[in-house]
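Coordinate inspection notes
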Amino acid sequence: MTAALAVQLGQMLLVLALAPALTGLTRRMKARLQRRIGPPILQPYRDLRRLFGKEVVLAENSSWLFRVAPYLVFAATWVAVALVPTFQTGLLFSWAGDLIAIVALLGAARFIQAIAALDTGTSFGGIGVSREMMIASLAEPAMIMVVFTVALVAGSTELSTSAVFMADMGGLRVSLAMALVALIIVALAENARIPVDNPATHLEVTMVHEAMLLEYSGRHLAMIELASSLKLLLYISVIACIFFPFGL
């Protein structure tokens, strides 16, 4: 029991440590594709350290929800990542590693962030929330369809069971290949990536996710940025766990 708990805690700390590096790698690859040098891979760590050292500035009309929301969003996302067998199957909490539970946790984090963005009453927050909810209304049903497609084939919605089944199957069926394409599209939409969104833009016409974060600063913004990095790692881990589980 102690060893299993240590392995589970080790994975939780490992994904927390690697998530900013994955964000940095994504930004570097994007810059290279655009024929730019791009920031260093370790730049997100420096940004987080800088944000944690800054003072938090709060809007005068913000409530307690605005202050608590970053921690709730981070906690829900971190728990969702902890349920994914990123490096090993059969973890201590693998029985709770249900795809439906992970989708529910991500939906709860989105809802908390949306109502926190509306809490200050700014126009940018309202624009970002309306666009985010519109995208979510399309992405979440697609995610649920992917979950049930995998569950019908593997016989379970538990990620560890699905990973073992896919590893034994040794290849992708046509339905699973289409589910993989759908999951990649959902991952692009959920992580605010091109062509759905661009996390580097600050234009009113195109802002979605960034519009909900304009009122945050200091450690609150750092928690949300870290949660976004964890979310990106979660989707990559889910794709690898379900469709490419070799080596788990």
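Residues numbered from 1 in each chain as written. Predicted model: local features only at pLDDT ≥ 70, side-chain atom pairs only at ≥ 80, totals over all residues. Heavy atoms only, no water.

Once that is clear, we can look at the overall build of the protein. Scanning the protein from N- to C-terminus turns up eight helices and zero strands. Walking the protein from its N terminus toward its C terminus, one meets helices and strands in the order α-α-α-α-α-α-α-α. Whereas a compact globule of 248 residues would reach a radius of gyration of roughly 18 Å, the protein reaches 18 Å, a difference of no more than 12%. Here the C-alpha coordinates of the protein stretch approximately 55 × 40 × 40 Å along the principal axes. When the 248 residues of the protein are sorted by exposure, 46% land in the buried category. With the model as given, the accessible surface of the protein reaches about 12300 Å², and the carbon-plus-sulfur share is 69%. (Helix = DSSP H or I, 4+ residues; strand = E, 2+ residues; numbered from the N terminus. Rg over C-alpha atoms; globule rule 2.2 N^0.38 Å. Buried < 20%, exposed > 50% of the residue type's maximum accessible area, 1.4 Å probe, protein only. Areas by Shrake-Rupley, 256 points an atom, 1.4 Å probe, with all protein chains shown as cover.)

This brings us to helix α5 (residues 123–154). Its 32 residues give α5 an end-to-end C-alpha distance of 46 Å, which sits within 8% of 46 Å, the value for a rise of 1.5 Å per residue. Of the residues flanking the start of α5, the one acting as N-cap is T122, its side-chain oxygen 3.3 Å from the backbone nitrogen of G125. Where α5 ends, the next residue or the one after it, G155, has phi of about 85 degrees, a positive value. (Expected span 1.5 Å × (residues − 1). Polar contact = N/O pair within 3.5 Å; in protein donor to acceptor, adjacent residues only side chain to side chain.)

With that out of the way, let us pick up the pattern of salt bridges. A pair can form between side chains of opposite charge whenever their charged atoms are brought close. Going through the model one piece at a time under the given rule, you end up with six salt bridges. Close ionic contact of R50 with D47 constitutes a salt bridge, the shortest N to O distance being 3.5 Å. Taken together, the residues R50 and D47, both in helix α2 (residues 43–52) and three residues apart, mark about one turn of the helix. Owing to a relative accessible area of 41%, R50 belongs among the partly exposed residues under this scheme. (Salt bridge = Lys/Arg side-chain N within 4 Å of Asp/Glu carboxyl O.)

For L42, the position within the fold is in the loop between α1 (2–33) and α2. Exposure remark for L42: the relative accessible area of 49% places this residue in the partly exposed category. When the C-alpha atoms of L42 and R219 are compared, they prove to be 19 Å apart, with 177 residues separating the residues in sequence.

Interaxial distance between helix α3 (residues 64–82) and helix α8 (residues 218–243) falls to 9 Å at its minimum, and their mutual angle equals 20 degrees. Here α3 is positioned roughly parallel relative to α8, judged by the angle of their axes. Between α3 and α8 lies a crossing of left-handed hand. Side by side, α3 and α8 meet where R67, P70, Y71, V73, F74, T77, W78, A80 and V81 of the first sit next to R219, H220, M223, I224, L226, A227, L230, K231 and L234 of the second. Of the residues contributing to the contact of α3 with α8, the split by class is 13 nonpolar, two polar and three charged. (Axes fitted to C-alpha atoms, helices over the stretch in contact; angles between N-to-C directions. Parallel < 35°, antiparallel > 145°, perpendicular 65-115°, else oblique. Left-handed = near helix turned anticlockwise from the far one by under 90°. Contact = heavy atoms within 4.5 Å. Nonpolar A, V, L, I, M, F, W, Y, C, P; charged D, E, K, R; others polar.)

The next thing to look at is α8. With 26 residues, α8 extends 38 Å from end C-alpha to end C-alpha; this agrees with the ideal 38 Å at 1.5 Å per step. Here α8 lies mainly inside the structure; 21 of its 26 residues are buried.

On to the packing of aromatic side chains. Each aromatic ring pair is summarised here by two numbers: the centre-to-centre distance and the angle between the ring planes. In the structure shown here, the tally under the stated rule is two aromatic pairs. Measuring from centroid to centroid gives 4.2 Å for F66 and Y216, while their planes differ by 5 degrees, and the two rings are stacked. In this pair, F66 sits in helix α3 while Y216 sits in the loop between α7 (174–190) and α8, placing the two residues 150 residues apart along the sequence. Taken individually, F66 and Y216 each receive the classification buried, so the pair is uniform in this respect. Centroid distance F74 to W78: 5.5 Å. Interplanar angle 35 degrees. Geometry classified as tilted. Of this pair, F74 and W78 are both found in helix α3, four residues apart, which corresponds to roughly one turn of the helix. A residue is classified by how much of its surface remains accessible, and F74, at 10% relative accessible area, is buried. Take W78: its relative accessible area is 21%, and that puts it in the partly exposed class. (Phe/Tyr/Trp six-rings, centres within 6.5 Å; stacked < 30°, edge-to-face > 60°.)

The subject of this paragraph is the nonpolar core. Soluble globular proteins: nonpolar side chains tend toward being buried together. In terms of nonpolar packing, the biggest core is built from 54 residues, with I102, L183, L234, Y235 and F243 touching the most fellow members. Those elements that place two or more of their residues in this core are α1, α2, α3, α4 (99–119), α5, α6 (159–169), α7 and α8. With 16 residues, α8 is the single largest residue contributor to this core. (Core = buried A, V, L, I, M, F, W, Y, C linked by side-chain atoms within 4.5 Å.)

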